[in-house]
Structure formats: C-alpha cells, structure tokens
Amino acid sequence: MRNMKTLLTAVLLCLTISVPARPQIAGVKLVSSGEFKDKDGSLHSWKINGAHTLIWDGQPYIPLGGVFYSKYICLGQTEENWQADFRALELVKSKGITDILLKSIGPVSWTKPEAWQRLLDYLDSSGFTYGVDLADGPKAPLSGFIIEPTLYRLLNITQSSRLSFDMPDVTSAFWMLCSMADGRVITSGGATVSEGKVNVDVKVPTGESCVLLLYPERELANGGGGVADLWGGFDEFRDRFVKFASEIKFGKGLRFFVDPLSSKMDLPEGLASIIPDSADFRLEFEAYLSRKYRNIGSLNAAWDLVAGHLESFQEAARLIPLWRGTKGLPAAYDRARGHSYSLGGASKIWKDLEDFRDSSAQSYLNSAAELVKRYAADVPVIYRPTRYHRIFANTSSRGGFDGLGVEAYGHGESLVTESAGGLYGLAEESARSAWFVVTGTLDTPKRGKSSSGYPSRETLAADLDSLAEIGVKGIFVLGLQVLPEEQWKNHSLVLAPEQLDWLREFKDKYLSAGRADFVPRVVYYPQGLTVGASVKRLGPGEWWLPSLRVGTQLMMGSTVAAYTMAGQEGICIWSRSGEKTITYPLAEEQKVSLAHPSGADGILTVDKNKVALRLNSEPVLLTGMDPVQAFPLEIAEEEIAKLGPLVDKAKAAGGRAPDAEAAAERARGVLKSGRPAIAYDIAHTFVRQISEALGTYTWIEAEYPLSHNFSGVESVSGASAGGCLVLDTKTHPPMCEYSAIFPVTVTKDATYEIWISCTPRSTGCSPFSYSLDNGIFQSASSSMEVSAYAGLFAWSRVGIAKLSKGQHQLQIRVDGPGLSGKYNLDIDTIVLCPIEFKPEGIKKP
C-alpha cells in the first residue's frame, strides 16, 4: 500500500509541481481566462489583461467598495440579524457603493450554506457585484522543526545542570551539546516538554566549555489565517469544501473568490527555516527526490555526504539538517535511527528542502483554486500574501490561481512601500496574466481603532490615490461592516455614512481615469542582492520595485551603487551619499541612453569619449554601456588622491612608503589610459594597507557579523554598504538575549573611541549594551546621537576602550523591547578610532 501511495504521489507531483524560482521574463504572457455559468444559466466570460485588470463580459471590472461581514452568517440565522444586514446593505447601495467583498469570521465551509444562499440571492437581485473571501483550508495545524542555530543556542556552558526554557508552542525538541573549542558533538538527546517549558539535562565534561544547540518542534496555530498542514490535511479540506459548495448556487453578481487556502505558506516571521514534520510531507518529498535524482547515488553526491551513505530516498526524506546559514553543525539527523550524517559545505539538502516545500505549497494553492472553479464557480481565484515570497509568482501555465489580493494599511506612500509595491512585482512575474486588487485597506488593521474610518475626505482620497498609482485594479476598504462589532466598530463605514459619500466620490474619479490599461513604469531591483535598493516612488506612476530575477552587483566604490539584472536592459546606478556627478569613459562604438528617467534634462551628458551622469538617491537606468567597463572616473581619482596625505602621515610616523608612491603614479597612468576600475583597485589596495599600518580607524559593516540572532540582513537605501543588520520582532528571545558579535582588528596599541550607527533612540527602539572581548556590558542608551542620515540611522559614541594590537570581538546585546513592545534595532556601521572621529553619514574618515 505504501509503495502504491508513493507511486501515485510521484505521478501527481510530476504533473503539478515546478519550482517557483524562475520568474516570467517580460514579454507575451498566457492569458488567465474562464467562463462562469450562473444559477440562471447565463454564461459570463472573463479574462485578465496584461495590465492586471479583470475583464468581465467584455468590460473592465474595477471594483471600488468595501469588506462586508454578514451578521446573519456570522452571528446566527435570526430575523434580527437578517434585517441588520439588509439595512446596512441598502444604505451602502443608496450611497452608490455596489462592489463588496463578503467575509465570515471563520472558514466559509464551517458556516451554513443556506445562510449564504439567502444573502447571495438578495445581492444578485439588488444589483451588487461581489467576491467571497473563503478564508478556508485544512483544519490540522502544521508542526515542524525550526532550524535556527543562531536563535536556539546557549553559549559557555561549563557545568552539568538542568536547563529550562519557556517555549509555550513547542511540542518536542532534540538537542546537541558541542565543544566550543573544536565543534565536536559531546552528547545529544531529546528534551522533555511540560507545561510550556523545554527542559534539557546536560552533562559537561570537566574543563570543557560547551554550546547547546536546540532543535524545537513547534505546532503553529491555524486559527485566523495561521499555518495549516497542507500535505496531510488537503484531502479533508477538499471533501469538506466540495460538500459546502454543492449546496450553493451563485448568481450573476459573483466576480471572484479569495483565499481558498488561507494558510500563511509564505512563512512570515521566524518560520522560513521550518521543516514540516508530517508523514505526508516526507512521502511527497521522497517522491520529489526520486524524480529529481533517479538513483540514490546521485543524491548522495549532491548532498555531499562526508562519511557513510544513504540507502534509499525514504531515508533521505527523513533527514533534518542541523545548520542554517553559517551556524550549527554540518550534518543531518535521522530521528528514526538516532543517527547523524556529516555533510560537506557543498551540500544541496537545504536547497532541495526549500525548493520542494515552496513548489509543493504553490501546487496546493493552485489545486485549491482549481477545486473552487470546478465545484463552486469558474471565476478568478486570488490569494493574499503576507509578504513578498516566490510562491505567489504563479509559475503554472495550466490553470491555478489568477491574481493577488493586497492588504495595505497606513497612509500615503507607505501603503505601497510597505505592502503593495513588492506584490505588484510578483503579479508581473507570474507566468499568466494576474489580477491585482486591494482586498483590505484603512489607516490601521488593528482592533480597537479610536475613530471611525478615515480622518477626512482628503485623507481617503490621498490614500486610495497612492494605491491607484501602483496599478491596483480594484480597492476594497476595511470595511463596510466589520465583525465582531465590539472589537471592530470603528472600521465599519455604515456607522459613518458620510464616509460612504467620500468613497463614492473617489469611485467616480477613479473609474473615469481610464484605469483598465494603466501600467506603472517600473525599475526593478534583484530582491536577492543586498544592494541598498528598496520599494520607492520615483515619480508620478513610477516605482522602484523588487524582482525574483537574478542580478549582479557592480562595485563602484563606497558612495556609488549599481547593479544589472536579467530581463532588464542597462545598468541601474544611484548615489549613496547625496547629489554628485560621475563620469565614465566611453568607447567609440558605445551608444548610451537613459531608459529611466525618461525625458529628464541634465541627467545624462554624452561627449565624444565620455559620459557624465548626475546622480542622487534615486536610480537611473543607463543602457548601451558595457557593465565590465563601467566605473566612475571621479571615484578612481578620489582614491588616488587619498594616497598622498597617507604617505605623508606614514613618513611623519617614521615609516616609508615607496611602493605606495609608485602605486599612485601607476594608478594615474592606468586612469589616463581609460581604465578607472583598475586604477581604483591599485590605489585602494595601498590606501587600505597604509591606513591599517597607521591604525587610523577600523570600519565595520554590521551586515557581516561573526554571529547573531537578529532577524537578518536587509537591503536599505542610504545605508553604508547598501544593507544593515535588522532586529524587528515581537517574539521574546527563546534562550538568550538578542545579540550580535563582530570581529575587530586594530593595528596598534591605543585607546579607541567606539562609535555605532544605528536606529535613533527617538524612534523608541530597543535599548542596547556593548561588550569587548567578553568583558562587562556597558549601556549604550545614554550616549549622545549626532549625524543622522538616510532617515534611518544616527551615530553615537558609546564608549572608549584601551585595546592592544590584534584581533578582538565586540558584542552588541539588546536589553529589552522598545517603546512599541517590539524588539527593534537596525545597525549599519561600527567604527573604532584612536583619534577624534567626526561622523558624516556614510563618509569614511
């Protein structure tokens, strides 16, 4: 029986799964389309055009309305509740709002079909058009092992003891006790879990200093759009939904469905490293591996087993890697046998796990969409991502989901920069045309809002205009009537009828603007590179947005950033340090032009043998230039100019620098011959060497720590090297404080000022302390801040320290949550300087 299920699963995956890693390159797309037969027998054709608009019966359908929770469906089938819904909907219709998104408090298949039918019949007969938020999926929550050795570890254990940790959602765990000296495993075992505590009994050999690595299994809540076990629970969901759908007949007002699977398979905060502990997940993973590698020998080679070998794909599918990133043990653990396999640095086990997890999750999203179209109604099915994730760029050319719904809360451009912008890129990169619509927006998604709806007519118009500018083709505010009323009263615009008038006024303006074919102009940046790019408005209808496509970072010194990207012609260039003009040498055959911004005067000046660009913090897209040869003359000249003063300082200090003087002359000659990149490299090598010899300063980019348990590294416009180390979480640290350790190299004995560039304290960020070489932690929270820059960072002199020449370690520890209750601290740069340091943004001393 097991072999038969394996075979069937393998066949299913061969038919449905493709790894969602290669986005659709711009060009001709397949068109998402269908035909809906309503309860009266009338046929309605639909398709989605290349501008992400739903075309219904030949006409654009661009809804402008709101979310409506039915009291009759959610609170009980009483005449009182029906009349309350009836009055609310009649009020909404009288104000000219006829587009609604229906929603229940829980999954629709848990509600009563007859209640839905009565409401739908009324909507169909009253001229409403509507979508249905299904918010459905498997009942079973997902359980899985979290592989985060940076977060789940405890250092410097020197005595045998029982260690206890508060982890209320952990159901089991195993652990490894390792030597801090050489990394070998001393002992291992299973933890005991009781009443929200994880207990580990460790026995430490005399004289050893150890690190405990814990691998907890968490059961993820599945209520309110949590994370469900798609692999083990899809069949139960399918049967339940088919029964529900068979009892409902949809009429002419139906337009779309949202979230047949509401499970957060884009794996938000802290879940990216989860390995599902589901028998069905392992069975499907086994089939995936069998199909990919064909024979177990090929898998053994790809997973880089150092000793021993796997006998079967079944055994391989059980393995749990014990490291992530650069931390943990280079091994994989088989719980069934209690055995670990050592793996080499080239192992593809993590890539295979993530590719399968994501591709199979997308396959289930598509399967659920097809289920809805077959058994409920053939209309567009869309999903709401919680974050930018590749599973929502649909790679299927044979059906599946048809677009994305955006949840955007806040005001103005933040609605796009924090929500809608990234998701537009996913819609663009789907293999088929995708509808792009806002399924919920207001100033806040939080319960207990203090005032009704929008603060003013002008605020409503400005916020919805911002969303329109990114190319959304429909907007539903949250909401018209929102339940439970005691928690969401001020989200219900039926209680503030004048705001329904504001919404209608905006609707008239919105629909008169010819939205159906509007497409924003976009410059894309590669999401996978830390280049300092972020979602940003570049002008009316123009945006800087992320892409799944592969990119290459181009090095142009520390103050100019640049990259190229597959599917986007040209070099994207901008300044990290304010306005400046840079010049590139130009070969005779090169014909350069600006792809962005178009029609801008004074940005590009082309001479016979050079091209000048005027830069600021916004990107320009330069076409016609060879990326290999592109390097600013001014950056090379600045680096060469640094050598003279440094040579003088070296001589004054009693040293000699003949090689540096000769290098400066050689760099000038190379620059004169039109090779600025090589000239820069020559000069930079000696600038670094002399600076280190003089011990002038140590500059540390925070995105390159030795170790950390922060949230991660993010690309940030205006940061020193285009990125920073970010901590942004509500989660209390499970085993030890949030901290980061940085390598420090100083080239002479001296007393050093310690400066840190991080989130300004005025924002209410987390307090923090620092320590050198495992010494006493010193609070950094009272130091004076200077030289704020990029709107995100400020410099602080946190202390002074006497250091000997050589290697040291600086640890930054977060001492608690910030004023918002979240742990929040972004670190850009650290400087140690033996002389007075006067910070100027990202400019180095």
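When you look at the overall build of the chain in this model, what are you seeing that I'm missing?
Broken down by element type, the chain carries 16 helices and 47 strands. A compact globule built from 845 residues should have a C-alpha radius of gyration of about 28 Å, and the chain, at 30 Å, falls within 12% of that. In terms of overall dimensions, the chain has C-alpha extents of about 95 × 70 × 55 Å along its principal axes. Classification of the 845 residues of the chain by burial places 56% in the buried group.

I would appreciate a short explanation of the sheet that holds strand β25 (residues 521-526) in the present structure.
Sheet strands pair by backbone hydrogen bonding; their relative direction is either parallel or antiparallel. With respect to topology, 3 strands assemble into an open sheet ordered β25-β27-β26, the strand pairing being mixed. Only two strands of the sheet have a single neighbouring strand rather than two, namely β25 and β26 (536-539). Direction aside, neighbouring strands of the sheet carry axes that sit 35 degrees apart on average. Pairing of β26 with strand β27 (residues 542-547) involves 3 bridges; the strand directions are antiparallel. Each residue of the ladder has a partner; that of Lys536, found in β27, is Trp544.

Is there a simple way to explain the packing of aromatic side chains in this structure?
Each aromatic ring pair is summarised here by two numbers: the centre-to-centre distance and the angle between the ring planes. In the structure shown here, the tally under the stated rule is 34 aromatic pairs. When the ring of Tyr738 is compared with that of Tyr823, the centres are 5.2 Å apart and the planes differ by 65 degrees; the resulting orientation is edge-to-face. Here Tyr823 lies in strand β47 (residues 823-833) and Tyr738 lies in the loop between β39 (723-729) and β40 (739-746), a separation of 85 residues in the sequence. A relative accessible area of 4% means that Tyr738 is categorised as buried. Chaining the aromatic ring pairs together yields one cluster made of Trp231, Phe234, Phe237, Phe241, Phe281, Phe285, Tyr288, Phe356 and Tyr364. In this structure, Arg255 is placed above the aromatic ring of Tyr61, and the distance from its NZ or CZ to the ring centre is 5.6 Å. Above the face of the Trp350 ring, Arg324 is positioned so that its terminal group lies 4.9 Å from the ring centre.

Which parts of the structure should I look at to understand the pattern of salt bridges?
Two side chains of opposite charge can pair, provided their charged atoms sit close to one another. Under the criterion given, the structure shown has 48 salt bridges. A salt bridge links Asp235 to Arg238, with the nearest nitrogen and oxygen atoms 3.2 Å apart. Note that Asp235 and Arg238 are positioned in helix α5 (residues 230-245) at a spacing of 3 residues, about one turn of the helix. On the basis of relative accessible area, Asp235 is assigned to the partly exposed category, the value being 46%. The class for Arg238 is partly exposed, based on a relative accessible area of 31%. With its nearest N and O atoms 2.9 Å apart, the salt bridge here joins Asp355 to Arg390. With Asp355 in helix α9 (residues 349-375) and Arg390 in the loop between β21 (381-383) and β22 (403-409), this residue pair connects regions lying 35 residues apart in the sequence. Through salt bridges with shared partners, one network takes in Lys103, Asp133, Asp259, Arg384 and Glu407.

Even after reading the chapter, I still don't get the nonpolar core, so can you show me in this structure?
In summary, soluble globular proteins display a tendency toward joint burial of nonpolar side chains. Grouped together as the largest cluster of nonpolar side chains are 215 residues, with contacts concentrated most on Leu102, Leu123, Val132, Leu212, Phe250, Phe257 and Trp303. With 11 residues, the single largest contributor to this core is α9.

Could you clarify how one ought to interpret unusual backbone geometry in this entry?
Negative phi values dominate among residues other than glycine, just as trans dominates among peptide bonds. Here Leu478 and Gly479 are connected by a cis peptide whose omega angle stands at 5 degrees. Position of Gly479 relative to the elements: it lies in strand β24 (residues 475-481). Residue Pro484 follows Leu483 across a cis peptide bond; omega there is -5 degrees. Tracing the backbone through its elements, the reader meets Pro484 in the loop between β24 and α12 (485-488). In this structure, Arg294 takes a positive phi of about 70 degrees despite not being glycine. Of note, Arg294 is situated in the loop between α6 (279-293) and α7 (296-302).

Sorry, what's going on with the packing of α5 against α9 here?
The description of two packed helices rests on the angle between their axes and on the distance between the axes. Orientation of α5 relative to α9, taken along the N-to-C sense of each, is 10 degrees, at an axis distance of 10 Å. With respect to α9, the axis of α5 lies roughly parallel. In this structure, α5 contributes Leu230, Trp231, Phe234, Phe237, Arg238, Phe241, Val242 and Ala245 to the contact, and α9 contributes Phe356, Arg357, Ser360, Ala361, Tyr364, Ser367, Ala368, Leu371, Val372 and Tyr375. For the contact of α5 with α9, a count of residues per class yields 14 nonpolar, 2 polar and 2 charged.

Hey, could you run me through helix α14 (residues 633-652) in this one?
An α-helix turns once every 3.6 residues. As a result, residues three or four positions apart point the same way. The end-to-end C-alpha distance of α14 is 30 Å, a good match for the 28 Å that 20 residues give at a rise of 1.5 Å each. Every buried residue of α14 is accounted for by Leu633, Ile635, Ala636, Glu639, Ile640, Leu643, Leu646, Val647 and Ala650. Positive backbone phi, approximately 95 degrees, marks Gly654, located one or two places after α14.

Looking at this structure, how should I read the side chain of Glu217?
Position of Glu217 relative to the elements: it lies in strand β15 (residues 210-219). Within the buried set, Glu217 has no salt-bridge partner at all; the shortest N-O distance to an opposite charge, 4.8 Å, is to Arg335. At a separation of 2.6 Å, a polar atom in the side chain of Glu217 contacts the side chain of Ser172.

Help me understand the environment of Leu480, please; the structure alone is not making it clear to me.
Along the chain, Leu480 falls in strand β24. A relative accessible area of 0% places Leu480 in the buried class. For the pair formed by Leu480 and Gly718, sequence separation is 238 residues and the distance between their alpha carbons is 40 Å. Ignoring anything within four residues of it in the chain, the contact list for Leu480 reads Gly66, Val67, Phe68, Val92, Ile100, Ser492, Leu493, Val494 and Leu500.

Would you mind going over the sheet that holds strand β31 (residues 580-585) with me for this structure?
Read from one edge of the open sheet, 3 strands run β31-β34-β33, paired in antiparallel fashion. Each having just a single partner strand, β31 and β33 (604-606) make up the two edges of the open sheet. In this sheet, adjacent strand axes meet at a mean angle of 15 degrees when their direction is disregarded. Direction of pairing for β33 relative to strand β34 (residues 610-615): antiparallel, over a ladder of 3 bridges.

Sorry if this is basic, but what is going on with the confidence of the model for the chain here?
Interpretation of the predicted coordinates at a detailed level should be avoided for regions scoring low in pLDDT. Overall, the prediction assigns the chain a mean pLDDT of 91, with 96% of residues at 70 or greater. Confidence drops under a pLDDT of 50 for residues 1-26, and excluding neighbours within four residues, the segment shows 49 contacts in the predicted structure.

Would you explain the packing of α6 against α9 in this entry?
Relative to each other, α6 and α9 sit at 110 degrees, their axes nearing to 11 Å. In terms of orientation, α6 and α9 fall into the roughly perpendicular class. Considering only the axes of α6 and α9, their crossing is right-handed. Between α6, through Phe281, Glu284, Phe285, Tyr288, Leu289, Lys292 and Tyr293, and α9, the contact on the second element is made entirely by Asp352, Leu353, Asp355, Phe356, Arg357 and Tyr364.

Reading the values: rules and limits
Residues numbered from 1 in each chain as written. Predicted model: local features only at pLDDT ≥ 70, side-chain atom pairs only at ≥ 80, totals over all residues. Heavy atoms only, no water. Helix = DSSP H or I, 4+ residues; strand = E, 2+ residues; numbered from the N terminus. Rg over C-alpha atoms; globule rule 2.2 N^0.38 Å. Buried < 20%, exposed > 50% of the residue type's maximum accessible area, 1.4 Å probe, protein only. Pairing = 2+ DSSP bridges. Axes fitted to C-alpha atoms, helices over the stretch in contact; angles between N-to-C directions. Phe/Tyr/Trp six-rings, centres within 6.5 Å; stacked < 30°, edge-to-face > 60°. Lys NZ or Arg CZ within 6 Å of the ring centre and 35° of its normal. Salt bridge = Lys/Arg side-chain N within 4 Å of Asp/Glu carboxyl O. Core = buried A, V, L, I, M, F, W, Y, C linked by side-chain atoms within 4.5 Å. Parallel < 35°, antiparallel > 145°, perpendicular 65-115°, else oblique. Contact = heavy atoms within 4.5 Å. Nonpolar A, V, L, I, M, F, W, Y, C, P; charged D, E, K, R; others polar. Expected span 1.5 Å × (residues − 1). Lys, Arg positive; Asp, Glu negative; His and termini not counted. Polar contact = N/O pair within 3.5 Å; in protein donor to acceptor, adjacent residues only side chain to side chain. pLDDT = per-residue confidence, 0-100. Left-handed = near helix turned anticlockwise from the far one by under 90°.

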